[in-house]
Amino acid sequence: MIHAAEGGAGILFPIWQEMLVGAIAFGLLCFVLIKFVFPRMEKTFEARVDAIEGGIERAERAQEEANQTLEEYRRKLATAQEEAAAIRDEARADAVAAKEEILVSAREESNRIIAAGHAQVEASRQQLVRELRSEVGNLAVDLAGKIIGQRLAGDADTTATVDQFLAEIADDTAETSGAR
């Protein structure tokens, strides 16, 4: 700068030594940047690009696996629902069959009890008829004996006569009932 003040023509042209030192420093700086700094920056940039692209690929693979798992889950769920419906239908069918079996068993038991009741009533009726025949026969014999004024002949003959008379009455009653 002093040079520029002395001669006036040095303002446009700087001192050549400073230019040389500046050019060497600039060259050295460029060499260090190109040889050491830019390759490291390029490696870092590539690592970031790989990490991002790898992350995207991993995310896409994970999404695809999730979709496959979801589809498999849906298939299994549908299968389980179908199996549950089949089990419910089978249980309903078993319940209906058990109900029918119980109803048939109850009807059979009811019919058996009714038949036993009818048989018991019939047996009681037969016993009552026998007792009444015997009683009616004895009363008829006693009444006839009082009318005649003497005791009628043996019990065997009297019983046979009374039985024959009651049998004729029973036959007449059956014929009358059948004619209606």
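Residues numbered from 1 in each chain as written. Predicted model: local features only at pLDDT ≥ 70, side-chain atom pairs only at ≥ 80, totals over all residues. Heavy atoms only, no water.

### A short note on a negative patch on the surface
So, step 1. A cluster of like negative charges, contributed by Glu-42, Glu-46, Asp-50, Glu-53, Glu-57 and Glu-60, occupies part of the molecular surface.
So, step 2. Note on placement: Glu-46 falls in helix H2 (residues 16-148).
So, step 3. On the basis of relative accessibility, which here comes to 42%, the residue Glu-46 falls in the partly exposed class. (Patch = residues over 30% accessible without salt bridge, like charges linked within 9 Å, V, L, I, M, F, W, Y side chains within 5 Å. Areas by Shrake-Rupley, 256 points an atom, 1.4 Å probe, with all protein chains shown as cover. Salt bridge = Lys/Arg side-chain N within 4 Å of Asp/Glu carboxyl O. Lys, Arg positive; Asp, Glu negative; His and termini not counted. Charge placed at Lys NZ, Arg CZ, Asp CG, Glu CD. Helix = DSSP H or I, 4+ residues; strand = E, 2+ residues; numbered from the N terminus. Buried < 20%, exposed > 50% of the residue type's maximum accessible area, 1.4 Å probe, protein only.)

### Topic: the confidence of the model for the protein
So, step 1. Model confidence for the protein is summarised by a mean pLDDT of 84, while 86% of its residues fall at 70 or above.
So, step 2. The least confident element of the protein is helix H1 (residues 2-7), whose mean pLDDT is 50; the most confident is H2, at 91. (pLDDT = per-residue confidence, 0-100.)

### Quick look at the UniProt feature "transmembrane region" (unreviewed entry) in the protein
So, step 1. Taking the UniProt record as the reference, the feature "transmembrane region" (unreviewed entry) is found at residues 20-38.
So, step 2. For residues 20-38, helix accounts for 100% and strand for 0%, while the C-alpha atoms at its two ends are 25 Å apart. (UniProt positions renumbered as here; feature names shortened; annotations may be inferred.)

### A few points about a nonpolar patch on the surface
So, step 1. On the surface, a nonpolar cluster with roughly 790 Å² of combined accessible area is contributed by Leu-28, Phe-31, Val-32, Ile-34, Phe-36, Val-37, Phe-38 and Met-41.
So, step 2. Considering the arrangement of structural elements, one finds Leu-28 in helix H2.
So, step 3. Looking at Leu-28, the relative accessible area reads 54%, which means it is exposed.

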